[in-house]
Every structure is written in structure tokens, then in C-alpha cells.
Amino acid sequence: MSFGPRPSQLCLLSHLPEKGVGDKVRFLGCVTSYSTASGVLTLEHRLPEETRSVHALVDVNLVLESLGSEQTRVGEWVNVIGYITDIALSINGGKETAPRTPIVHAQAVLLWSAGAFDIRKYEASLKALLMRTSPTSCHPTS
């Protein structure tokens, strides 16, 4: 029996709404905003074939000491390991026909810059891994 921390599940950001509160996940996202007042990063990553956008609101207060400006700059890609704390739908502005955007709240325990990479290759590699190894949309990582 292991008493260490649970492994994270490697996911596409767009699949986070399928997870449960308390799940430990690892995902990649593009910074769209950062609130210094609340210590929350907003991340997105819309795949070309997806019609909906998912927003991840990542609480970075636990990792503030190691957080640099490159991880909070709009347009930067970051990797996150953390726990899902809430999953909700945005308010559609009173328009009944407007799609509601899923919003996933997460508590980061580790966050680092993605550096230079090819986003299309990343998406293809992760999709292939998920199709090969797991019937669900996430893959356990160590």
C-alpha cells in the first residue's frame, strides 16, 4: 500500500469538465489573464475541432514564491499539476440560446513554463496516448 501522493492524470484542458472535484490533473493551457489581487490565472486551450471553449481558473497562491512573470504573461503556455476544486458553467448573459462556457477551478501545486513547442504535435501526441491507453479522456502520470 502506498501512502504517497496520488499520481496526476494527464488531460487536455478541454476535457477537464469531465473530471471530478478532488481529482489530481496535469494539463497545458495558454494564459489569457492573471489577477494579482486573487492570485488566479485564467487559462484556455481550444482545439481546432471543438466548438466550445473551456476556461481553467487556476489558484496559484500555493506556488507564488516560485512563480515568475513568464508564467503569468498573457499568451504564454504553462503546464499545471493541481487539484480540481469546482466545475461550473458561466452565465450566458441572459441569452437562452447562447452556449454556456464550462469553467473549471483548480488549485495549482506545481506550475512551470511550457517553453517552445509545437502545439499541433502536442495535441496529436496526447490524443494518440489517450486513445491507446485509456477509455477515458485522461491518462495517469507520475
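Look up: the structure comes first, before these words.
Everything numeric in this text was worked out from a predicted model, so none of it was measured.

The rules we used
Residues numbered from 1 in each chain as written. Predicted model: local features only at pLDDT ≥ 70, side-chain atom pairs only at ≥ 80, totals over all residues. Heavy atoms only, no water. Phe/Tyr/Trp six-rings, centres within 6.5 Å; stacked < 30°, edge-to-face > 60°. Helix = DSSP H or I, 4+ residues; strand = E, 2+ residues; numbered from the N terminus. Buried < 20%, exposed > 50% of the residue type's maximum accessible area, 1.4 Å probe, protein only. Contact = heavy atoms within 4.5 Å. Core = buried A, V, L, I, M, F, W, Y, C linked by side-chain atoms within 4.5 Å.

### Let's talk about the packing of aromatic side chains
Moving on, step 1. With the rule as written, the count across this model stands at two aromatic pairs.
Moving on, step 2. Ring geometry for Trp 77 and Phe 117: centres 5.8 Å apart, planes at 85°, overall edge-to-face. Here Trp 77 is found in strand E5 (residues 77-89), whereas its partner Phe 117 is found in the loop between strand E6 (102-113) and helix H1 (119-133), with 40 residues between them in sequence.
Moving on, step 3. Classification of Trp 77 as partly exposed rests on a relative accessible area of 24%.
Moving on, step 4. Phe 117 gets classed as partly exposed once you look at its relative accessible area, which sits at 33%.
Moving on, step 5. Taken together, a centroid distance of 6.3 Å and an interplanar angle of 80° make the contact between Phe 117 and Tyr 122 edge-to-face.
Moving on, step 6. Counting every residue linked through ring pairs, the aromatic cluster contains Trp 77, Phe 117 and Tyr 122.

### Description of the environment of Gly 39
Moving on, step 1. Relative to the assigned elements, Gly 39 resides in the loop between strand E2 (24-35) and strand E3 (40-44).
Moving on, step 2. Taking C-alpha positions, Gly 39 is 5.9 Å from Asp 59, a pair spaced 20 residues apart along the chain.
Moving on, step 3. The contact partners of Gly 39, leaving out residues within four places of it in the chain, are Tyr 34, Val 58, Asp 59, Val 60 and Asn 61.

### So, the nonpolar core
Nonpolar side chains in soluble globular proteins generally cluster together in the buried interior.
Moving on, step 1. Core analysis: the largest hydrophobic core is formed by 20 residues, its most contacted members being Leu 16, Phe 27, Leu 43, Val 58, Val 60, Val 80 and Leu 111.
Moving on, step 2. Those elements that place two or more of their residues in this core are E2, E3, strand E4 (55-59), E5 and E6.
Moving on, step 3. Beyond its immediate stretch of four places on either side in the chain, Val 58 contacts Phe 27, Gly 39, Val 40, Leu 41, Leu 43, Val 80, Ala 106 and Ala 108.

### Looking at the environment of Asp 86
Moving on, step 1. With respect to the helices and strands, Asp 86 occurs in strand E5.
Moving on, step 2. The partly exposed category is assigned to Asp 86, whose relative accessible area is 35%.
Moving on, step 3. For Asp 86 and His 105, which are 19 residues apart along the polypeptide, the C-alpha to C-alpha distance reads 5.0 Å.
Moving on, step 4. Ignoring sequence-local partners within four residues, the contact set of Asp 86 consists of Val 21, Ile 103, Val 104 and His 105.

### Describing the side chain of His 45
Moving on, step 1. Within the secondary structure, His 45 sits in the loop between E3 and E4.
Moving on, step 2. Other than its neighbours up to four places away in sequence, His 45 contacts Leu 12, Leu 13, Ser 14, Leu 28, Val 54, Trp 77, Ile 119, Tyr 122 and Glu 123.

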